[in-house]
Amino acid sequence: MKASVHVRVDGTDARREHTIVVPREAICCPLCEEPFETTEPRTPCVTPCFHTFCRLCLQAWAKEKGAVAGVGAAGAPYAADGFSCPTCRAVCTVAVEALQLNFALMTVVEAERVSTGQTQLVCQECEDGMPTSHCLECRLLLCEGCTKHHSRNKLSKHHALQPIEEFKQHKQAIPKQKRTCTKHKGQGLDLYCLTCETPICFHGTVKDHEGHKYELLSDVAGNHQAKLRMEADKLSKTQTTLEEGIAKIKQEEDALAAEAIEQKAFIGTHFEELCVRLRARELALTREVDEALARKKKILAGQREGLECAVASMDSGSLYARRTAELGDAFEVMHAYSHIVKGMLELREKKFDLHPNTTASISFVDTSSGMMLDTLSRHGRVIATDVTPAACTAIGSGLQTARVGGRSAFTLQAVDYLGHSSSEGGDTVQIILMSRGEGDETGTDVGKDVCVTDQGDGTYTCTYSVVEGTADQSALLEVYV
């Protein structure tokens, strides 16, 4: 079941509306599963990672999870003066009481309460009678008496009026009253002081903000709304990049599972030929494969889950920014703008590792060399290295220069996703020497007699020659692990 709210399009005919459809569960706190409210303590507040919870639940969560520094659920650390997000476990050092309200969601919640009769409507003109109509031009709820006066008034007699029942059926939030200056009574906050970065009234330009630069609040808010949408679009692009990385990891997970099945089948076939005396060893090696599979799956799953959490934050951030831009009034937009942009910028600039932290490399090696009867207790081994290609290092003169007629060499050190140098071999290393001219995207392979020697200790000696007749030019050495 969906909850919806009609939202007016700012700066256009007041009768123009569009509907934003919000899932029912979106207006409920994920922790207590109770509907959000428009008054404390169950108001929806948003964390720096763009996840929304009711303030009451977050206060209880922070008290339980953030009392002392340590490690929270799923191994996520949290600080003594903060707490870990219940959704993504990101550390939040902002006090729960100081968290930003989700103004966009507040509008949805209020609209839902209005449509279901949970919120008592009052005439916004006399602030006393029960409203019977809604002026689409003035955006005011009017009682019967105020409706008659409104219809007779010279300035408002041609305004379109909407019956209050129709207003409720459309699930509209209570029209927001014009914000007034607390210092200059009755003066609307129609301007925005660019110098002080705060909404002001007309009298403020003469007294408190004399000589300051200011513009119409609606214009400044409109610019900020456009910027929020632009920032949301940028974050969506970053989210797409992360989702592509997740797809690569999922593909590697599938390949890893397939490779594990293939290798276990090979081990089974091999040991069936060795009869009963090899059964114990067969089971041991099969367990090694399962352990390697579990370890690699854990590595890849952990990396994927981290990216998925980031995607979730970006998705929430984009949605929060768009809804704030669309649902918030000028005051709310200005209040939330810096918080939203700062959070989205941090997410967008954060460095993510989109390459799988381990590979689908699990293979069985027959170590008997025909001497199986003498080496049954040590027969075979499972190689399942967790080498991360992007983390591997190489040294040697063969990385800088190569001459026709001579041999060039360098040494490759395999490194895993934690930055630890591998102490065993078994990885597949490929060397390609490409020479590319200007405008040549494919290039020409100019390497020959390429040789990779596995030293068995995590290092690989790589040697190669350059094809005779190759012009004296730069070439790109490509190494694949």
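Look a little higher up for the structure.
Computed from a prediction, not measured in an experiment: that's the story for all the values here.

Student: What exactly am I supposed to notice about unusual backbone geometry here?
Tutor: Glycine aside, residues mostly have negative phi angles, and peptide bonds mostly take the trans form. Residues Glu40 and Pro41 are joined by a peptide bond in cis, for which omega reads 10 degrees. Along the chain, the position of Pro41 falls in the loop between strand 2 (17-23) and strand 3 (44-46). At Arg89, a position not held by glycine, the phi torsion is positive, near 65 degrees. Tracing the backbone through its elements, the reader meets Arg89 in the loop between strand 7 (83-84) and strand 8 (91-92).

Student: Can you help me understand the pairing of strand 22 (residues 447-454) in this one?
Tutor: Looking along a regular strand, one sees side chains alternate from face to face of the sheet. For strand 22 and strand 23 (residues 459-466), the ladder comprises six bridges, and the chain directions are antiparallel. Considered in strand 23, the bridge of Val452 is made with Cys462. If you look at the hairpin formed by strand 22 and strand 23, you'll find four residues sitting between the two strands, and Gly456 has a positive phi there, around 80 degrees.

Student: I tried to follow the nonpolar core on my own but got confused; where do I start?
Tutor: Generally speaking, a soluble globular protein has its nonpolar side chains buried in company with each other. Formed by 39 residues in total, the largest nonpolar core has its most connected members in Leu228, Leu242, Ile340, Met344 and Ile362. Among the elements that line this core, the one with the most residues is helix 7 (residues 279-327), at 12 residues. Discounting residues that sit within four places of it in the chain, Ile362 has contacts with Leu256, Glu259, Ala260, Gln263, Val289, Ala292, Leu293, Lys296, Val382, Ile383 and Ala384. Core analysis: the second largest hydrophobic core is formed by 24 residues, Val22, Phe36, Cys45 and Cys54 among them.

Student: Teacher, can you tell me more about the pattern of salt bridges here?
Tutor: Under the definition given, this model contains 11 salt bridges. Between Arg322 and Asp233 there is a salt bridge, with the nearest N and O atoms lying 2.8 Å from each other. Taken together, the residues span a long stretch of sequence, with Arg322 in helix 7 and Asp233 in helix 6 (residues 217-272) at a distance of 89 residues. Asp233 sits in the partly exposed class, given a relative accessible area of 39%. Across the pair Glu308 and Arg304 runs a salt bridge, and its minimum N-O distance is 3.4 Å. Of this pair, Glu308 and Arg304 both sit in helix 7, four residues apart, roughly one helical turn. A relative accessible area of 29% means that Glu308 is categorised as partly exposed. With relative accessibility at 16%, the residue Arg304 sits in the buried group.

What counts and how
Residues numbered from 1 in each chain as written. Predicted model: local features only at pLDDT ≥ 70, side-chain atom pairs only at ≥ 80, totals over all residues. Heavy atoms only, no water. Helix = DSSP H or I, 4+ residues; strand = E, 2+ residues; numbered from the N terminus. Pairing = 2+ DSSP bridges. Core = buried A, V, L, I, M, F, W, Y, C linked by side-chain atoms within 4.5 Å. Buried < 20%, exposed > 50% of the residue type's maximum accessible area, 1.4 Å probe, protein only. Contact = heavy atoms within 4.5 Å. Salt bridge = Lys/Arg side-chain N within 4 Å of Asp/Glu carboxyl O.

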